[in-house]
Amino acid sequence: MSGTSMASPYVAGLAGLMLSINRKLTSAQCSSILQRTSWPLPGGSYEWKNDAGFGAIDAAAALAEAASFDERTDIGKETQA
């Protein structure tokens, strides 16, 4: 099965799982994570398409990013002993 009748509950369920992992995420952060962890369908690009959105979502990557979203890493700072 395909189409919005299948995609909508899938994305909503994935967003729910992301929020169960990290309750501090906002809707904009959830949307951004879903966009970053998706890849284009064959022959597509990374641009929004009305018939395919941003492509296929990598659910495992989205959940992993949700779990580590609040972790901070300072790039370029060296640890002093």
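Look above for the structure.
Worth saying up front: this structure is predicted, and the values here are computed from it rather than measured.

> What is the right way to read the overall build of the protein chain from this model?
Along the protein chain, the regular secondary structure elements total 3 helices and 2 strands. Overall, the protein chain shows an N-to-C arrangement of helices and strands of α-α-β-β-α. Counting every position in the protein chain, which comprises 81 residues, the buried fraction comes to 17%. The long-range fraction of contacts in the protein chain, counting pairs at least 24 apart against all pairs at least 6 apart in sequence, stands at 47%. Here the protein chain has roughly 6200 Å² of accessible surface; of this, 56% comes from carbon and sulfur atoms.

> I would appreciate a short explanation of the nonpolar core in the present structure.
When a protein is soluble and globular, its nonpolar side chains tend to lie buried together. Membership of the largest hydrophobic core is limited to 8 residues, which are Leu14, Met18, Leu25, Cys30, Ile33, Leu34, Ala62 and Ala66. Elements supplying a minimum of two residues to this core: α1 (4-21), α2 (27-36) and α3 (59-68). With 3 residues, the single largest contributor to this core is α2. Leave out the neighbours within four places in its chain, and leucine 14 touches Leu34, Ile57, Ala59, Ala62 and Leu63.

> Could you clarify how one ought to interpret α1 in this entry?
It helps to recall that an α-helix has 3.6 residues per turn; residues three or four apart then point in one direction. Taking 1.5 Å per residue, 18 residues should reach 26 Å; α1 reaches 25 Å between its end C-alpha atoms and fits that length. The complete set of buried residues in α1 reads Leu14, Ala15 and Met18. Across the axial projection of α1, the buried residues extend over an arc of 105°, all falling on one side.

> Would you take a moment to explain the pattern of salt bridges for this structure?
Two side chains bearing opposite charge may form a pair once their charged atoms approach each other closely. Summed over the entire model, instances satisfying the criterion amount to 1 salt bridge. Note that arginine 36 and glutamate 65 form a salt bridge whose closest N and O atoms lie 2.3 Å from each other. Taken as a pair, arginine 36 in helix α2 and glutamate 65 in helix α3 lie far apart in primary sequence, 29 residues in all.

> Before we go on, may I ask you to explain the environment of cysteine 30 in this structure?
Tracing the sequence through the fold places cysteine 30 in helix α2. Spatially, the C-alpha atoms of cysteine 30 and methionine 18 are 7.5 Å apart, while their sequence positions differ by 12 residues. Those residues within four positions of cysteine 30 in sequence are excluded, and the remaining contacts are Met18, Leu19 and Leu25.

Parameters at a glance
- Within each chain, residues carry numbers counting from 1 in the order of the written sequence.
- Only residues with pLDDT of 70 or above have their local features reported here, since the model is predicted, and side-chain atom pairs are shown and tallied only from 80 upward, although totals for entire chains, interfaces and linings are computed over all residues.
- The basis for the side-chain values is all heavy atoms of the structure; hydrogens and waters are excluded.
- Numbering of helices and strands runs from the N terminus; a helix is a DSSP stretch of H or I covering at least four residues, while a strand is a stretch of E covering at least two.
- Relative accessible area decides the class of each residue, using a 1.4 Å probe on protein chains only: under 20% of the type maximum gives buried, over 50% gives exposed, and in between gives partly exposed.
- Only heavy atoms enter the contact rule, under which two residues are in contact if any of them lie within 4.5 Å.
- Note on areas: these come from Shrake-Rupley sampling with a 1.4 Å probe, and a residue is covered only by the protein chains present in the view.
- To qualify as a nonpolar core, a set must consist of buried Ala, Val, Leu, Ile, Met, Phe, Trp, Tyr and Cys residues joined through side-chain atoms within 4.5 Å.
- What a helix should span is 1.5 Å times the count of its residues minus one.
- Directions pointing from the helix axis toward each C-beta atom define the arc.
- Any Lys or Arg side-chain nitrogen located within 4 Å of an Asp or Glu carboxyl oxygen qualifies as a salt bridge.

Read these as layout, nothing more, since geometry by itself doesn't imply function.
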